[in-house]
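# Observations on the three-dimensional arrangement
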Amino acid sequence: GLVDMHVHMFNLSSHRPPNDWTFPLYVANGVTAVREMRADAASLGLVRQWRKALDDHNLVAPRILAAGIAVRGSSPADAARPVDAGRDAGAEFIVSPGLTERLAEPIIASGVPYLPGIANAADIMRGLALGLTNFKFFPPAANGGLKALTPLAAPVFTRRFGPTGGIRGAHRAVSLGVPPRAMA
């Protein structure tokens, strides 16, 4: 089956109910697994319930391969609160829209895999200095897509990059044909 590696099952900004109504639609269209990109600590408990219901054959849904939280903040304390709550609730990864030392330090200290957003060579160098190995090229279309990512990634060929966010319609080509070392 197909895997959708960037879904939002939770409407954290609009405070609407979760998008679990879409589960049968995913399955009907051949999507057998998804990766939730923006949960919060409270939502992770619902992900565990869905996984159990799926395992018990009480839910028609794609398998949720991983669920992570998105962290923003202007200070280490701003980042630490959702990071600690997410780690304690079982977040399998953490994403952020960009990369600053103040944001990254509490995330790295948490031990939860971290996928920071990068858009240029300075972001990559900052991440390397922090000991990071995986990066999210974000947003890919706005930052030049694969044409921009290829030369950025070339000098750091041992690292992994994943284009994510805003990949739809005409921008799908941004994620197609990504070099083999790119991250799914």
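Rules used in this analysis
Residues numbered from 1 in each chain as written. Predicted model: local features only at pLDDT ≥ 70, side-chain atom pairs only at ≥ 80, totals over all residues. Heavy atoms only, no water. Helix = DSSP H or I, 4+ residues; strand = E, 2+ residues; numbered from the N terminus. Buried < 20%, exposed > 50% of the residue type's maximum accessible area, 1.4 Å probe, protein only. Contact = heavy atoms within 4.5 Å. Areas by Shrake-Rupley, 256 points an atom, 1.4 Å probe, with all protein chains shown as cover. Pairing = 2+ DSSP bridges. Right-handed = clockwise from strand over helix to strand, strands pointing away. Salt bridge = Lys/Arg side-chain N within 4 Å of Asp/Glu carboxyl O. 1 Å grid on protein atoms, 1.4 Å probe; cavity = no way out; pocket = protein on both sides within 12 Å on 5 of 7 lines; lining within 4 Å. Points joined across faces, edges and corners; volume = space filled by probe spheres on them. Nonpolar A, V, L, I, M, F, W, Y, C, P; charged D, E, K, R; others polar. Axes fitted to C-alpha atoms, helices over the stretch in contact; angles between N-to-C directions. Parallel < 35°, antiparallel > 145°, perpendicular 65-115°, else oblique. Left-handed = near helix turned anticlockwise from the far one by under 90°. Phe/Tyr/Trp six-rings, centres within 6.5 Å; stacked < 30°, edge-to-face > 60°. Lys NZ or Arg CZ within 6 Å of the ring centre and 35° of its normal.

Glancing now at the overall build of the protein chain. Scanning the protein chain from N- to C-terminus turns up 6 helices and 7 strands. Counting helices and strands in the order they occur from the N terminus, the protein chain gives β-α-β-α-β-α-β-α-β-α-β-α-β. Burial status across the protein chain gives 40% buried among its 184 residues. A fraction of 63% describes how many contacts in the protein chain between residues 6 or more apart in sequence connect residues 24 or more apart. Total accessible area on the protein chain stands at roughly 9400 Å², and carbon and sulfur atoms take up 59% of it.

Bridge count for strand S1 (residues 2-7) against strand S2 (residues 31-39) is 4 bridges, and the pairing is parallel. Directly across from Val3, in S2, lies its bridge partner Ala33. In terms of handedness, the path from S1 via helix H1 (residues 23-28) over to S2 forms a crossover that is right-handed.

On to the pattern of salt bridges, then. Proximity of charged atoms lets side chains of opposite charge pair with each other. Enumeration over the complete set of coordinates arrives at 8 salt bridges. The shortest N-O distance in the salt bridge between Asp84 and Arg87 comes to 3.3 Å. In this pair, Asp84 and Arg87 both sit in helix H3 (residues 76-89), 3 residues apart, roughly one turn of the helix. We classify Arg87 as partly exposed; its relative accessible area is 33%. Of the charged contacts in the structure, one is a salt bridge between Arg126 and Glu101, with a shortest N-O distance of 3.8 Å. A residue pair is termed long-range when its members are at least 10 positions apart, and Arg126 in helix H5 (residues 121-129) and Glu101 in helix H4 (residues 101-110) qualify at 25 residues. Ionic contacts of the salt-bridge type, sharing partners, join the residues Asp84, Arg87 and Asp88 into one network.

This next bit is on the layout of surface pockets. Approximately 180 Å³ is the volume attributed to the second largest pocket. For the second largest pocket, the lining is made up of 12 residues, of which His8, Arg38, Arg72, Lys136 and Phe138 are closest to its centre. Secondary-structure elements contributing two or more residues to the lining of the second largest pocket are S2 and strand S4 (93-96). Per-class residue counts for the lining of the second largest pocket are 5 nonpolar, 4 polar and 3 charged.

What follows is about the packing of helix H2 (residues 41-55) against H3. Axis separation between H2 and H3 bottoms out at 8 Å; the angle between their running directions is 15°. Regarding the angle of H2 to H3, the classification is roughly parallel. With respect to the hand of their crossing, H2 and H3 are arranged in right-handed fashion. Facing Ala41, Leu44 and Arg48 of H2, the residues of H3 in contact are Ala85, Gly86 and Ala89. Of the residues that constitute the contact of H2 with H3, the class distribution is 4 nonpolar, 1 polar and 1 charged.

Looking now at the packing of aromatic side chains. Per the counting criterion, the structure on display carries 2 aromatic pairs. Judged by centre distance (5.5 Å) and plane angle (10°), the rings of Phe10 and Trp50 are stacked. In this pair, Phe10 is assigned in the loop between S1 and H1 and Trp50 in helix H2, connecting sequence segments 40 residues apart. This pair shows no difference in class: Phe10 is buried, exactly as Trp50 is. Centroid distance Phe23 to Trp50: 5.0 Å. Interplanar angle 85°. Geometry classified as edge-to-face. Placement of Phe23 in helix H1 and of Trp50 in helix H2 is noted, with a sequence separation of 27 residues between them. The pair formed by Phe23 and Trp50 is uniform in burial state, with each residue classed as buried. Through a chain of ring-to-ring contacts, the aromatic side chains of Phe10, Phe23 and Trp50 assemble into a single cluster. Over the aromatic face of Phe138 sits the side chain of Lys136, whose NZ or CZ is 4.3 Å from the ring centroid.

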